[in-house]
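Okay, here's what each chain looks like letter by letter:
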Amino acid sequence: MNIKEKHEIKLILPWKIIVIFIIILIPGVAPAELFSPFLVLTGIILIITNKGIIKKSYLKKIWPLFFIFFIGCIGIHNYLSRNIIRDMSYALTPLSLFYAGYYFSDSQLKLQNILKVIIITGLIFSIIHIAQFIINPLLLLEKVEILRHSIFNPGGGVIILSLILGLLQYRIGFDNLFPKFIPRFIGLPLLFSSFILSFSRIGLVIGITLFISFIGSLSRINWKSLLTIGILALGLMLLILSTSVGETGTFRSKISQTLSEIAVSDYQDMADINNKWRGYETYRALLKFSKEGITGKLLGTGFGSVVDLGLSIKLGDSYMSEIPVFHNGYAYILVKTGIIGLICYGIFYFKLLKQSIKFKNSVIDEQILLSRILLGFTLTMMLSMYVVGGIAEIHDSEFIFLSAFILPRLEIV
């Protein structure tokens, strides 16, 4: 490589790092109605700067999500414009993020560069989060549900991923992921404190899933991995059994009530509806789906459609009797794009799982590492889609971006 080529690389890398930093940062600090269109626009700009080139390998992996967008569009009727635009933006966001991942995978950027950006962003988020408790220490005395609504937590997924990467950086072969201005011995306590203070049940599940996947326990089923899973299950069981029936407002009680909260049922009592809202809204979504004809069941009711709640309830600052989005991402896809849309998501996840398993026994260390990381991201996206909407509702943007960055590298390592 001559001097001119080295100089070009030095000029190219900084702007790419900045764009990646913005892609990771924006979902944590901007509202969904802003960052989703921003990420879609970013994908369009990258396509233009790449002279409109869209790789066949990209289309081969992402075509199910393109098909979902198409199905959702053909089902549009006389719905509110803002609901239509929101759903379209939600469907386009993972497509754009996936393209961005493929785009940067072709550059001279190394995986370590991307992971450093993740950790720096995670540190920024954790400082913003913890600073609120430092300014007002009395917040620590509040109940969990009050605390979660009164504190701004900018990036749960990024913080969790940063924490896992920081804990395992030597095991996965990276010696220096933390910036010099916040070394590892300071960064890890910051990330861990923010993780604990988030009181997030799905965050705990994501953290455990990523950890055991990155160390390889999920890609090789043996007595060690079974023992790890057994210990985690036993710990969860003991936690539930040690929680008294009348205990409320604590993180322990929230964990013990998780399964009942997402249980799908036609709750009649308002107290049950409030406490088990995720299960109730999913029930109403499935009820709407069950009343559709063959076309509605196969193709859904289109982008912009809403679900009748059967009552008027205060959500946020206003009372609502219909909702356009809900916590269960699979129910969301089922209503908007039908059984075919749900099958498309199944195919998409199957493709990712297939690639992550394909290289688990590779003789190349980097392929093994990348396959483990991809497996962790895929399982995480599948789990979070059931509880918080997942990538169908623009969550886990960092995971889909990094998955797309990893996929081409798996093939060429």
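A few points on the structure.

Analysis parameters
- Residues numbered from 1 in each chain as written.
- Predicted model: local features only at pLDDT ≥ 70, side-chain atom pairs only at ≥ 80, totals over all residues.
- Heavy atoms only, no water.
- Helix = DSSP H or I, 4+ residues; strand = E, 2+ residues; numbered from the N terminus.
- Buried < 20%, exposed > 50% of the residue type's maximum accessible area, 1.4 Å probe, protein only.
- Contact = heavy atoms within 4.5 Å.
- Areas by Shrake-Rupley, 256 points an atom, 1.4 Å probe, with all protein chains shown as cover.
- Core = buried A, V, L, I, M, F, W, Y, C linked by side-chain atoms within 4.5 Å.
- Axes fitted to C-alpha atoms, helices over the stretch in contact; angles between N-to-C directions.
- Parallel < 35°, antiparallel > 145°, perpendicular 65-115°, else oblique.
- Nonpolar A, V, L, I, M, F, W, Y, C, P; charged D, E, K, R; others polar.
- Phe/Tyr/Trp six-rings, centres within 6.5 Å; stacked < 30°, edge-to-face > 60°.
- Salt bridge = Lys/Arg side-chain N within 4 Å of Asp/Glu carboxyl O.
- Expected span 1.5 Å × (residues − 1).
- Arc of directions from axis to C-beta.

On a plain count of helices and strands, the chain comes out with 18 helices and two strands. Looking at the chain as a whole, 48% of its 413 residues are labelled buried. Considering only contacts within the chain whose residues lie at least 6 apart along the sequence, 73% involve residues at least 24 apart. When the accessible surface of the chain is totalled, it reaches about 20,300 Å², and 67% of it is carbon and sulfur.

It is worth spelling out the nonpolar core at this point. If you look at the biggest cluster of nonpolar residues, it comprises 92 residues, and the most contacted ones within it are Phe 98, Phe 104 and Phe 401. When residues no more than four places from it in sequence are discounted, the contact partners of Phe 98 are Tyr 58, Lys 61, Ile 62, Phe 348, Leu 352, Ile 400, Ala 404 and Leu 407. With five residues, the next largest nonpolar core counts Phe 133, Leu 139, Leu 147 and Leu 197 among its residues.

Time to look at the packing of helix H3 (residues 56–74) against helix H4 (residues 81–105). With their axes 9 Å apart at the nearest point, H3 and H4 run at an angle of 170 degrees to one another. Taken together, the axes of H3 and H4 are roughly antiparallel relative to one another. Facing Ser 57, Tyr 58, Lys 61, Ile 62, Leu 65, Phe 66, Phe 69 and Cys 73 of H3, the residues of H4 in contact are Met 88, Ala 91, Leu 92, Pro 94, Leu 95, Phe 98, Tyr 99 and Tyr 102. For the contact of H3 with H4, the residue count by class is 14 nonpolar, one polar and one charged.

Right, let's talk about the packing of aromatic side chains for a bit. Any two aromatic rings considered together are summarised by their centre-to-centre distance and by the angle between their planes. Inspection of every chain in the model, using the stated rule, returns 17 aromatic pairs. With centroids separated by 5.7 Å and ring planes inclined at 75 degrees, the aromatic side chains of Tyr 58 and Tyr 102 adopt a geometry described as edge-to-face. A residue pair is termed long-range when its members are at least 10 positions apart, and Tyr 58 in helix H3 and Tyr 102 in helix H4 qualify at 44 residues. Across the pair, Tyr 102 and Tyr 58 agree in class, each one buried. Residues Phe 214 and Phe 377 carry aromatic rings whose centres are separated by 6.1 Å and whose planes lie at 75 degrees to one another, so their mutual orientation is edge-to-face. Taken together, the residues span a long stretch of sequence, with Phe 214 in helix H9 (residues 201–214) and Phe 377 in helix H17 (residues 365–387) at a distance of 163 residues. Phe 214 sits in the buried class, given a relative accessible area of 2%. On the basis of relative accessible area, Phe 377 is assigned to the buried category, the value being 2%. Taken together, Tyr 58, Phe 66, Phe 98, Tyr 99, Tyr 102, Tyr 103, Phe 104, Tyr 345, Phe 348, Tyr 349 and Phe 401 form an aromatic cluster joined through their ring pairs.

Tracing the backbone shows Gly 329 in helix H16 (residues 329–358). Exposure remark for Gly 329: the relative accessible area of 0% places this residue in the buried category. C-alpha of Gly 329 to C-alpha of Glu 393: the two residues are 64 residues apart in sequence and 6.7 Å apart in space. Apart from the residues within four sequence positions on either side, Gly 329 is in contact with Met 385, Gly 389, Ala 392 and Glu 393.

Looking now at the pattern of salt bridges. A full pass over the atoms with the stated rule returns two salt bridges. With its nearest N and O atoms 2.9 Å apart, the salt bridge here joins Asp 87 to Lys 336. With Asp 87 in helix H4 and Lys 336 in helix H16, this residue pair connects regions lying 249 residues apart in the sequence. By the burial criterion, Asp 87 is buried, and Lys 336 matches it.

With that settled, consider the side chain of Glu 393. Within the secondary structure, Glu 393 is located in the loop between H17 and helix H18 (397–412). When near neighbours in sequence (up to four residues on either side) are disregarded, Glu 393 contacts Tyr 90, Val 325, Phe 326, Asn 328, Gly 329 and Tyr 332.

This paragraph deals with helix H2 (residues 32–49). For H2, with 18 residues, the first-to-last C-alpha span of 25 Å sits near the 26 Å given by 1.5 Å per residue. Along H2, the residues classified as buried are Phe 35, Ser 36, Leu 39, Val 40, Thr 42, Gly 43 and Leu 46. The buried residues of H2 occupy an angular sector of 150 degrees when projected down its axis, which confines them to one face. Projecting away from the buried face of H2 at angles above 90 degrees are the exposed residues Glu 33, Leu 34 and Ile 48. Phi turns positive, to about 60 degrees, at Lys 51, one or two residues after H2.

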